[in-house]
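Breakdown of the fold
Next come the chains, spelled out residue by residue.
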Amino acid sequence: VLLADLSQAWMLGLHDVMWVPSQEGGFSVTAQEAKDMPLLAQWFGGTAATSTTLYWVTVALCVMLSTGTLTRTSALLLVLCYAQLEDFLPVADRAIDRLYRNLMLVLACSGAGRALSVDAWLRTGSLWGDGGLIGGWARRLFILQIVWMYFDAGIEKTASMWSVMGHYDALHIILQNPIMARADFTNQGPVLHWLTRVGTAGTVWWEMLAPLILVALFSQGPGRLGRLGAWLRQRHFREVFLAIGVFFHVALFVTLELGIFPAAMLVMYPCFYAPEMVERWLGRPSA
């Protein structure tokens, strides 16, 4: 997803403009004080050559991490280069960029690259690796990060337009913004207006209920949370929650200009399924 995002900057001819200092015709406003400049600008100078080289190194690291080439090293270096791009142009850094940097640090420590990677092929002669197990903590930490992001987004929707006091008109208002909307929604009929209200209310409550998926996935035993978890599993809460999430993000992609956010979230959804479930669907590979 990040590689696609950076590639779009190249296709639009912005890769040698966005992070280039303003004194050389770019968008980046580098600080005058040396101590406040991006680290790479301090080392190599705040020039177009520095920022453009940083861009291409970041692209190369995206390819390496995607193919599992020197997985741990490429993940760590990608976090650093990704953060340096943010230092060159802070206004272009989004919440999804910060989330992805967090997840890349987890990947670097997780054992990712032990299978379906260049590393696995070079080490064992098979893309599937040696069949050895790695800890499941990284997948669970990914789930916790995703759930917290949704829940935090829900509790921070405090403006009246996200509630019954504002008639749940948030999406209706957002779709009137020509900068964000993919099409002209200024002449919404009563049916579409009603659907945006349903979507607004559904979005808020779906995000607020996100912590329940942790109960559904991990709560066991005779206790109160264990009984709640069993009740949620019987009603396929995970599948319902993720299906709503897929619809939510696809709808955002179709109607709004939100960059990589919808795709960036959807590619993390497989984390909600344990490896043995995936093996049952695809068939267990031979070591």
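For the structure itself, consult the block above.
Here's what I pulled together on the structure shown here. The numbering scheme is per chain: residues are counted from 1 as the chain's sequence reads. For this predicted model, a pLDDT threshold of at least 70 governs which residues receive local features, and a threshold of 80 or more governs which side-chain atom pairs are given and counted, while totals over whole chains, interfaces and linings are taken from all residues. With hydrogens and water excluded, all non-hydrogen atoms of the structure serve as input to the side-chain values.

Note on conventions: DSSP H or I runs of at least 4 residues are helices, E runs of at least 2 residues are strands, and numbering of each starts at the N terminus. Summing up its helical and strand segments, the protein chain has 14 helices and 0 strands in all. Each helix and strand of the protein chain, placed in order from N terminus to C terminus, yields the pattern α-α-α-α-α-α-α-α-α-α-α-α-α-α. Structurally, the protein chain occupies a C-alpha span of about 60 × 60 × 30 Å along its principal axes. Per-residue accessibility, obtained with a 1.4 Å probe over protein chains only, is compared with the maximum for each type, and a residue is labelled buried under 20%, exposed over 50%, and partly exposed between these values. Taking all 287 residues of the protein chain together, 38% fall into the buried category.

Attention now goes to helix 11 (residues 224–234). Every buried residue of helix 11 is listed here: G226, G229 and L232. All buried residues of helix 11 lie within an arc of 125° about the axis, which places them on one face of the element. Exposed and facing more than 90 degrees away from the buried side of helix 11 are R224, R227 and Q234. Contact criterion: two residues are considered in contact whenever any of their non-hydrogen atoms come within 4.5 Å of each other. On its buried face, helix 11 sits against helix 10 (212–218) and helix 12 (237–255). In the segment just after helix 11, H236 is the residue with positive phi, at about 55°. This arc corresponds to the set of directions leading from the helix axis out to the C-beta atoms.

Looking now at the packing of helix 3 (residues 48–67) against helix 4 (residues 71–88). Closest axis-to-axis distance for the helix 3/helix 4 pair is 9 Å, and the angle between their directions is 145°. Viewed along their axes, helix 3 and helix 4 form a crossing whose handedness is left-handed. When helix 3 is examined against helix 4, the residues T50, S51, L54, Y55, V57, T58, L61, C62, M64 and L65 are found in contact with a partner set consisting of T71, S74, A75, L77, L78, C81, Q84, L85 and F88. Polarity classes work like this: nonpolar for Ala, Val, Leu, Ile, Met, Phe, Trp, Tyr, Cys and Pro, charged for Asp, Glu, Lys and Arg, and polar for all others, with Gly in that last group. Of the residues belonging to the contact of helix 3 with helix 4, the class tally is 13 nonpolar, 6 polar and no charged. Here, axes are lines fitted to C-alpha atoms. For helices the fit covers the stretch in contact, and angles between N-to-C directions go from 0 to 180 degrees. Two helices crossing with the near one rotated counterclockwise from the far one by less than a right angle form a left-handed crossing, whereas a clockwise rotation gives a right-handed crossing.

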